[in-house]
Amino acid sequence: MLGTLGPGEGRPMDGIAQNLFPSAYIQNHINWCWATAAKIVGFHYLLSTGASFDAGTSCGTPRLDSNGLRMGYIGQKDGVPTVDIWQARIVAAARDKTVNPDGNAPEGDEGKARAIKYVISGDPNGAVPSVSTLGDYRTHGLWHDRKPQLDTILTSPFCMIGNYQRITGDFHSLVLKSEEGKVVIYDPWDGSTGRFTVGQAFGTGFLLNTGPGVIKWIQYIQ
């Protein structure tokens, strides 16, 4: 699935939305990398297991709160911004409603796990599927600190969320998939992809359009 998502349909810009429809696999909001990554991970799991699911309409859903929306990747209808319906659903269902009431803030590890569960089962707090986390932002590097566990997890046929620390020190959620001994990385910020060694992805670092960095920790489906 990562190879079929393609590049972005637009570019970030000021002003009104330039597209009729929102981008489905590029984050429509500056802080929705977690939701977009969870959507892709969940969809890939459902496709891989032969489950049927509703991919949603391409027309999008209205979002009256325009704070943080990316004008090059949202849509518009009758002058009202529209966002990808699945991204909106995930944010509504999986966000921390106390800390993130309007859905405009990033989410932490628990929010990402809830998001994956919501996409797959419809229940962000359900027991199935089991979503686990390996590492955290303080990890020196999974390649160095957790290599035996990482090697086992990378035998999974499913996508996972990779949390990438950029050279600037900030964090961003990506989609990862192990393929033929390499790690394929999809960036929901702009739809770009890269193929790296495991050592690069989790140890020495790699370069994406959004800058150089390294995967510090992951959320994966058991």
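Residues numbered from 1 in each chain as written. Predicted model: local features only at pLDDT ≥ 70, side-chain atom pairs only at ≥ 80, totals over all residues. Heavy atoms only, no water.

S.K.: Whenever I open this one, the environment of Leu46 confuses me. Can you help?
M.R.: Looking at the secondary structure, you find Leu46 in helix α1 (residues 33-48). Look at Leu46 and you get buried, because its relative accessible area is 6%. Through-space distance from the C-alpha of Leu46 to that of Ser121 is 9.6 Å; in sequence the pair is 75 residues apart. Each residue touching Leu46, except ones within four places of it in the same chain, is listed here: Ala51, Phe53, Val119 and Ile120. (Helix = DSSP H or I, 4+ residues; strand = E, 2+ residues; numbered from the N terminus. Buried < 20%, exposed > 50% of the residue type's maximum accessible area, 1.4 Å probe, protein only. Contact = heavy atoms within 4.5 Å.)

S.K.: In this structure, what is going on with the pattern of salt bridges? I would like to understand it.
M.R.: Across all of its chains, the model carries 8 salt bridges by this definition. Here Arg114 makes a salt bridge to Glu107, at a shortest N to O gap of 3.5 Å. One exposure class covers both Arg114 and Glu107, and it is buried. Linking Arg138 and Asp136 is a salt bridge whose minimum nitrogen-to-oxygen distance equals 2.9 Å. Among the charged side chains, a salt-bridge network with shared partners connects Glu179, Glu180 and Arg195. (Salt bridge = Lys/Arg side-chain N within 4 Å of Asp/Glu carboxyl O.)

S.K.: I'm lost on helix α3 (residues 109-121) in this one. Help?
M.R.: Counting along an α-helix, one turn takes 3.6 residues, and residues three or four places apart therefore face a common direction. In this model α3 runs 18 Å from its N-terminal to its C-terminal C-alpha over 13 residues, within 8% of the 18 Å that 1.5 Å per residue would give. Of all 13 residues making up α3, 10 are buried, and the element is well covered by its neighbours. Looking only at α3, the buried set comprises Gly111, Lys112, Ala113, Arg114, Ala115, Ile116, Lys117, Tyr118, Val119 and Ile120. Those residues of α3 that are buried are in contact with α1, α2 (85-94), β4 (131-134), β5 (160-166), β6 (171-179) and β10 (211-221). After α3 finishes, the residue Gly122 shows a positive phi value of roughly 85°. (Expected span 1.5 Å × (residues − 1).)

S.K.: Explain the confidence of the model for the protein here, please?
M.R.: Low-confidence regions, as indicated by low pLDDT, have predicted coordinates that should not be scrutinised in detail. Per-residue pLDDT for the protein averages 90, and the proportion of residues at 70 or more is 91%. In the model, residues 3-17 has pLDDT below 50 throughout and makes 32 contacts with residues more than four positions away in sequence or in other chains. (pLDDT = per-residue confidence, 0-100.)

S.K.: Hey, could you run me through the packing of α1 against α3 in this one?
M.R.: When two helices pack together, you describe them by how their axes are tilted relative to each other and by the distance separating the axes. Contact pair α1 / α3: the axes reach a minimum separation of 8 Å and the direction vectors enclose 40°. Viewed along their axes, α1 and α3 adopt a mutual orientation that is oblique. Of the two elements, α1 crosses α3, and the hand of that crossing is right-handed. Of the residues in α3, those touching α1 at Trp34, Ala38, Lys39, Val41, Gly42, Phe43, Tyr45 and Leu46 are Gly111, Lys112, Ala115, Ile116, Val119 and Ile120. Class assignment of the residues belonging to the contact of α1 with α3 gives a composition of 10 nonpolar, 2 polar and 2 charged. (Axes fitted to C-alpha atoms, helices over the stretch in contact; angles between N-to-C directions. Parallel < 35°, antiparallel > 145°, perpendicular 65-115°, else oblique. Left-handed = near helix turned anticlockwise from the far one by under 90°. Nonpolar A, V, L, I, M, F, W, Y, C, P; charged D, E, K, R; others polar.)

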